[in-house]
Amino acid sequence: MASTGTRDAGIDRADTLVAAIDDSNVNVQIALLATQLAPDLTVIVRVGDETYESVARHAGADDVMIPEVSGGERVSEQW
């Protein structure tokens, strides 16, 4: 059923997919499904903390965003 929804959304025509809802587990599941359906797709995943980064990459994420970490880095650079 989930694969029908992603196909309806145009995953076969997409170059990039961004999974960025506020649930790391769901974002990782989206990455896993997306890379199974479209292996050449670039997948960017948002996770809530660094412990999920390797999981997301293992699931097929090409890039992993951790807003809490990148936000903290930006703040510390300015002060």
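Here's what I pulled together on the structure shown here. (Residues numbered from 1 in each chain as written. Predicted model: local features only at pLDDT ≥ 70, side-chain atom pairs only at ≥ 80, totals over all residues. Heavy atoms only, no water.)

Quick word on helix H2 (residues 24-37)
With 14 residues, H2 should reach 20 Å at 1.5 Å per residue; the first-to-last C-alpha distance of 20 Å fits that figure. For H2, the secondary structure elements touched by its buried residues are strand E1 (16-19), strand E2 (42-46) and helix H3 (53-58). Its side-chain oxygen placed 3.1 Å from the backbone nitrogen of Asn25, Asp23 serves as the N-cap of H2. (Helix = DSSP H or I, 4+ residues; strand = E, 2+ residues; numbered from the N terminus. Expected span 1.5 Å × (residues − 1). Contact = heavy atoms within 4.5 Å. Polar contact = N/O pair within 3.5 Å; in protein donor to acceptor, adjacent residues only side chain to side chain.)

Details of the side chain of Thr35
As for its placement among the helices and strands, Thr35 is situated in helix H2. The class for Thr35 is buried, based on a relative accessible area of 18%. From its side chain, Thr35 meets the backbone oxygen of Leu32 in a polar contact 3.1 Å long. When residues no more than four places from it in sequence are discounted, the contact partners of Thr35 are Val43, Ala59 and Gly60. (Buried < 20%, exposed > 50% of the residue type's maximum accessible area, 1.4 Å probe, protein only.)

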